[in-house]
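Below are the chains, spelled out letter by letter.
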Amino acid sequence: MSSEKGNAKRSRPQKYKNLHGFKNTLHDTSRRTKQINSIEVKDCCARCTEIIEWKIKYKKYKLLAAPRKCVRCEEKTVKQAYTVACNSCAEKLKICAKCNQEKDKVAQSGLSAAEEASQAAQMEQELKALPERKRRKCEDDSS
Ligand SMILES: [Zn+2]
Ligand SMILES: [Zn+2]
């Protein structure tokens, strides 16, 4: 009985082929979402990168309308949302573009590259599971 019902629910049209691993475009295929999804967090410490990545994944990320003034070189060169320093200053001074602290210092309490990678992979998996879980919940509710 319920198996037929499940079949009917699956006839959702798939208009776009998702080239990215993540599927937060499942219900939102707008250009802005795609653009945000393609963002790579740069020149931030592990913690800040994580924070921004979560914003991207859960669609809390807002793009900068215009470049902001960098706290270091005072040029309007900050193009990355949520950051206070521009990429070239962050690279040159080895600081995090978001919290404006020396990366080496921040890294003390942070993660090693390997840990970081494994955490990123874990996050990826969690996110992959998320829309599915949500979908299942929706189906449960409506049936
Ligand atoms: Zn700068
Ligand atoms: Zn930081």
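What this report covers is the structure whose coordinates are included nearby. For every chain, the first residue of the written sequence is number 1, and numbering continues from 1 along that sequence. Chain letters start at A and ligand numbers start at 1, both assigned in the order the entries are written. Given that this is a predicted model, residues contribute local features only at a pLDDT of at least 70 and side-chain atom pairs are listed and counted only at 80 or more, while totals for whole chains, interfaces and linings are drawn from all residues. Side-chain metrics in this entry use all non-hydrogen atoms of the structure; hydrogen atoms and water are not considered.

## Here's the deal with the coordination of the zinc ion (ligand 2)
Only C45 (SG), C48 (SG), C96 (SG) and C99 (SG) from the protein coordinate the zinc ion (ligand 2), and they sit 2.2 to 2.3 Å from it. Water is not among the atoms examined, so metal sites may look incomplete; donors are the N, O and S atoms within 2.8 Å of the metal, or within 3.2 Å for Na, K and Ca. The geometry test gives tetrahedral to four donors whose angles all lie between 85 and 135 degrees, gives square planar to four donors and octahedral to six donors whose opposite members are over 155 degrees apart with all other angles between 65 and 115, and gives irregular to the rest. One can describe the site at the zinc ion (ligand 2) as tetrahedral: its four donor atoms subtend angles covering 102 to 119° at the metal. Motif for the zinc ion (ligand 2), donor spacing along one chain: C-x2-C-x47-C-x2-C. With a gap of 51 residues between them, C45 in the loop between α2 (31-37) and α3 (46-57) and C96 in the loop between α4 (87-93) and α5 (103-109) connect regions that are remote in the sequence. Each member of the pair, C45 as well as C96, carries the same accessibility label: buried. Here a strand is any run of E in DSSP of at least two residues, a helix any run of H or I of at least four, and the numbering for each starts at the N terminus. Here the term buried applies to any residue with accessible area under 20% of the maximum for its type, exposed to any over 50%, and partly exposed to those in between, with areas from a 1.4 Å probe on protein chains only.

## Let's talk about the coordination of the zinc ion (ligand 1)
For the zinc ion (ligand 1), the full set of protein donor atoms is C70 (SG), C73 (SG), C86 (SG) and C89 (SG), and the range of their distances to it is 2.3 to 2.4 Å. Relative to the metal, the four donor atoms surrounding the zinc ion (ligand 1) lie at angles of 103 to 119°, and the coordination shape comes out tetrahedral. Motif for the zinc ion (ligand 1), donor spacing along one chain: C-x2-C-x12-C-x2-C. Accessibility expressed as a relative area gives 4% for C89, which makes it buried.

## What to know about the nonpolar core
Joining through side-chain atoms within 4.5 Å is the link that ties buried Ala, Val, Leu, Ile, Met, Phe, Trp, Tyr and Cys residues into a set, and such a set is a nonpolar core. Residues C44, I52, I56, Y61 and C70 are the most contacted members of the largest nonpolar core, which totals 18 residues. Elements supplying a minimum of two residues to this core: α3 and α4. In terms of residue count, the dominant contributor to this core is α3 (three residues). With residues up to four places along the chain from it excluded, the contact list for C44 reads T49, I52, Q80, T83, C96, A97, K98 and K103. When checking whether two residues touch, look at their non-hydrogen atoms; a contact exists if any pair is within 4.5 Å.

## Considering unusual backbone geometry
The backbone of D43 shows a phi angle near 60°, a positive value even though the residue is not glycine. Owing to a relative accessible area of 12%, D43 belongs among the buried residues under this scheme. One non-glycine residue, E74, lies in the positive phi region at around 60°. Along the chain, the position of E74 falls in the loop between α3 and α4.

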